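# Structure at a glance
Chain by chain, the residues run as shown.
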Amino acid sequence: MNRLGDLERAVMDVLWQRNEPLTVRDVGRALADRDLAHTTVMTVLDRLAKKGVVARAREGRAWRYSPAASRENYVSELMIDALGETGDRDAALAAFVRSMNGSEAEALRRALEEADEPRT
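Here the structure is a predicted model, which means the values were calculated and not measured. (Residues numbered from 1 in each chain as written. Predicted model: local features only at pLDDT ≥ 70, side-chain atom pairs only at ≥ 80, totals over all residues. Heavy atoms only, no water.)

## Overview of the pattern of salt bridges
For clarity, the threshold we go by: Salt bridges are identified by distance alone: a Lys or Arg side-chain nitrogen within 4 Å of an Asp or Glu carboxyl oxygen. Runs of E in the DSSP output that reach at least two residues are strands. Runs of H or I that reach at least four are helices, and both are numbered from the N terminus. Only protein chains enter the calculation, and the probe is 1.4 Å; a residue is then buried if its accessible area is under 20% of its type maximum, exposed if over 50%, and partly exposed in between.
Here the structure, examined in full by the defined rule, presents eleven salt bridges. Where Glu-8 meets Lys-51, a salt bridge forms, and the shortest distance between an N and an O atom there is 2.7 Å. With a gap of 43 residues between them, Glu-8 in helix α1 (residues 6-17) and Lys-51 in helix α3 (residues 38-51) connect regions that are remote in the sequence. Overall, the relative accessible area of 39% leaves Lys-51 in the partly exposed class. One salt bridge in this structure joins Arg-71 and Asp-13, with 2.7 Å as the shortest N-O distance. Taken together, the residues span a long stretch of sequence, with Arg-71 in helix α4 (residues 71-85) and Asp-13 in helix α1 at a distance of 58 residues. Several salt bridges converge on common partners, so that one network encompasses Asp-26, Arg-29, Glu-59 and Arg-64.

Here it is as structure tokens:
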């Protein structure tokens, strides 16, 4: 799983915020403050599709793009990949946990408890 560049992240933020597939033009309009060329937005979306980060479907002459996964799932994959890069996963996890504030630690405790619960 590759990290996203600044422009790729901006495009994905637009897609994650919407509940519908968007065209290149839709994404470009949402990023109007960046003054991007239509072809730039098209290239970024094409690259994201080739990376598997977005899904696309043809609608007439245009493509409609949507996230291949939720933001949470994407970040989770990045974290899992990062853990795989270290020689000591336990040490990396311990350092990560030490960096958390109280509410983040509590959210992690709840998630661990839910993971331990039997599934029905």
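Further notes follow.
## Here we look at the domain arrangement of the chain
As a reminder, the rule being used: As annotated, the domain borders come from an automatic or database domain assignment.
The domain architecture assigned to the chain consists of domain 1 (6-67) and domain 2 (71-116). On a C-alpha basis, the centroid separation for the pair domain 1 and domain 2 is 29 Å.

## Some words on the packing of α1 against α3
Using the following cut-off: In this description, a line fitted to the C-alpha atoms serves as the axis of each element, helices being fitted only across the stretch in contact, and the angle between N-to-C directions of two axes falls anywhere from 0 to 180 degrees. Each angle receives one of four descriptions, namely roughly parallel if under 35 degrees, roughly antiparallel if over 145, roughly perpendicular if within 65 to 115, and oblique otherwise. Throughout, a contact is declared for two residues whenever any of their heavy atoms are within 4.5 Å. For this classification, Asp, Glu, Lys and Arg are treated as charged, while Ala, Val, Leu, Ile, Met, Phe, Trp, Tyr, Cys and Pro are nonpolar and the rest, including Gly, are polar.
Close contact between α1 and α3 brings their axes to 10 Å; oriented N to C, the two are set at 85°. In terms of axis orientation, α1 runs roughly perpendicular to α3. Residue-level inspection shows Leu-7, Glu-8, Val-11, Met-12 and Leu-15 of α1 in contact with α3, the latter providing Thr-40, Val-44, Leu-45, Leu-48 and Lys-51. Looking at the contact of α1 with α3 residue by residue, the classes come out as seven nonpolar, one polar and two charged.

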